[in-house]
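Structural overview for review
So you can see what is in the structure, the chains are spelled out below.
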Amino acid sequence: MTSPLYNASGVMCRSVEDLEAMRASSSGALITKSCTLEPREGNPEPRYFVTPLGSINSMGLPNYGYQYYLDYAEKYDYANNKPLFISISGMSLADNLTIIKAFHERALPCILEVNLSCPNLPGKPQLGYDLPAAQHALEKICEFYDRPFGVKLPPYFDVSHFDQAAEVFNKFDLLKYVTCINSVGNGLVIDVDAESVVIKPKDGLGGLGGDYVLPTALANVREFVRRLPGKQVVGCGGVKSGREAFMHILAGATAVQVGSCLYEEGVGAFDRIAQELKDLMAAKGYQKLSDFRGKLKTL
Ligand SMILES: CC(C)(C)CCc1c(C(=O)O)[nH]c(=O)[nH]c1=O
């Protein structure tokens, strides 16, 4: 069976070496690091920090520029390999459109995923939190892009925001899936002994991953599954064993991404988590994911 697990964008996917390690792993797919028009160094280090409860990062979009990933996508052997997703996070709408147009011209089988945590105009919230701007961006993309694509969503925390966001996404038939969630933004991890923050950028503020975000990730998956008929939801956030993968699928996820845990454990995480999920399903008498997908009970 093809694994329902793959990497969260940003982890094990910046270089061709990373991508080839993902392709050789037991994951069911792979996604690239969000790319920009030009290559970027990213933020000063330390910019990723591991804690007992997960991770905090302010990488700053380090990537080799979109042509690097376009080149990888052109050389990719789609007939004999798992699906390839390309994450796009231009520094402006114009950059996003330039990048998407370049991929569109090549008509490759890879699937584009627009990272809505991408920067907006200076001083404005990220696109995912500026829904009129997100709708405008999606309209400009769909003026020419005519193939299925997805978006990576930041976490939402207010029910009205689930409603407003879903209202935008439901306007776009080619938007076939959403990935919930990106890291929980602007957390602050403190080292008591050093009396200091743990990452250099943004005076220590960074996106949280791991155990910190699991309940928020599950809520976003379940709420968007309910609100986006005909679309799929990919679960991301807090997956470190078969149990969390099971939770995401029970909440309605079609597939499940692994970020912080993959960063720490490496590609062995895919084998371990898939086996744990298989064992859990067997113990519960489930043969396939659709036996329990979206069947979370309420009280
Ligand atoms: C936060 C941005 C730098 C604007 C986008 C890239 C990104 C980063 C990153 O490159 O810092 N980290 C995340 O956890 N999620 C992301 O979407």
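Position numbers for residues start from 1 in each chain and track the written sequence from start to end. For a predicted model such as this one, the threshold for reporting local features is a pLDDT of at least 70, and the threshold for listing and counting side-chain atom pairs is 80 or more; totals across whole chains, interfaces and linings nevertheless cover every residue. Each side-chain value is worked out from all heavy atoms of the structure, with water and hydrogens disregarded.

**Remarks on the overall build of the chain**
For clarity, the threshold we go by: Helix and strand assignments come from DSSP, with helices taken as H or I runs of at least 4 residues and strands as E runs of at least 2, each series counted from the N terminus. Restricting the calculation to C-alpha atoms gives the radius of gyration, and the globule rule supplies 2.2 Å times the number of residues raised to the power 0.38. Categorising residues by exposure relies on relative accessible area from a 1.4 Å probe, with only protein chains included: less than 20% of the type maximum marks a residue as buried, more than 50% marks it as exposed, and the intermediate range marks it as partly exposed. Contacts between residues were defined by any pair of non-hydrogen atoms, one from each residue, lying within 4.5 Å. Note on areas: Shrake-Rupley, 1.4 Å probe, and residue coverage restricted to the protein chains presented here. In this count, Lys and Arg are taken as positive residues and Asp and Glu as negative ones, while His and the chain termini are left out. The atom standing in for a charge is NZ when the residue is Lys, CZ when it is Arg, CG when it is Asp and CD when it is Glu.
When its secondary structure is counted, the chain shows nine helices and 14 strands. Over its C-alpha atoms the chain spans a radius of gyration of 18 Å, differing by no more than 12% from the 19 Å that the globule rule assigns to 299 residues. Expressed along its principal axes, the backbone C-alpha trace of the chain runs to roughly 50 × 50 × 40 Å. Per-residue burial over the chain gives 52% buried out of 299 residues. In the chain, of all internal contacts separated by at least 6 residues, the share reaching a separation of at least 24 is 72%. A total accessible area of about 13,600 Å² is found for the chain, and carbon and sulfur atoms account for 53% of it. Taking the average place of the 30 positive charges on the side chains of the chain and the average place of its 33 negative ones, the gap between the two points comes to 6 Å.

**Regarding the sheet that holds strand 4 (residues 54-57)**
Heads up, the condition is: A pair of strands is considered paired only if DSSP assigns at least 2 bridges between the two. Helix axes are fitted only over the stretch in contact, all axes being lines through C-alpha atoms; the angle between N-to-C directions runs from 0 to 180 degrees.
Across the sheet, which stays open at both edges, the four strands sit in the order 3-4-12-9 with antiparallel pairing between neighbours. In this open sheet, the two strands that pair with only one neighbour each are strand 3 (48-51) and strand 9 (184-188). Shown here is a sheet whose adjacent strand axes are inclined to one another by a mean of 40°, direction ignored. Pairing between strand 4 and strand 12 (residues 205-210): four bridges, direction antiparallel. Residue pairing in the sheet places Ile56 in a bridge with Leu208 of strand 12.

**Quick look at the site of the ligand**
Definition in use: Think of it this way: one heavy atom of a residue within 4 Å of a molecule or strand is enough to make that residue near it. Lys, Arg, Asp and Glu make up the charged group, whereas Ala, Val, Leu, Ile, Met, Phe, Trp, Tyr, Cys and Pro make up the nonpolar group; the residues left over, Gly among them, are polar.
What surrounds the ligand is the set Lys33, Asn57, Ser58, Met59, Gly60, Leu61, Pro62, Asn115, Ser117, Pro119, Asn182 and Ser183. Summarising the interface, the protein chains cover 76% of the accessible area of the ligand, which totals 390 Å² for the free molecule. Its residues assigned to classes, the shell around the ligand shows four nonpolar, seven polar and one charged.

**Brief notes about the UniProt feature "domain: Dihydroorotate dehydrogenase catalytic" (unreviewed entry) in the chain**
Test applied: UniProt positions are given in the numbering used here, feature names are shortened, and annotations may be inferred rather than shown by experiment.
The UniProt feature table records "domain: Dihydroorotate dehydrogenase catalytic" (unreviewed entry) at residues 3-281. Annotated as 35% helix and 21% strand, the span residues 3-281 places its first and last C-alpha atoms 14 Å apart.

**Remarks on the nonpolar core**
As a reminder of what qualifies: Only buried residues count toward a nonpolar core, which is a set of Ala, Val, Leu, Ile, Met, Phe, Trp, Tyr and Cys residues joined through side-chain atoms within 4.5 Å.
The biggest cluster of nonpolar side chains holds 81 residues, and the ones touching the most others in it are Phe103, Val151, Leu153, Phe169, Val178 and Phe224. In contact with Phe224, other than residues within four places in its own chain, are Leu153, Tyr156, Phe162, Ala165, Ala166, Phe169, Val178, Cys180 and Val233. Membership of the second largest hydrophobic core comes to seven residues, among which are Tyr6, Ala29, Tyr177 and Ala255.

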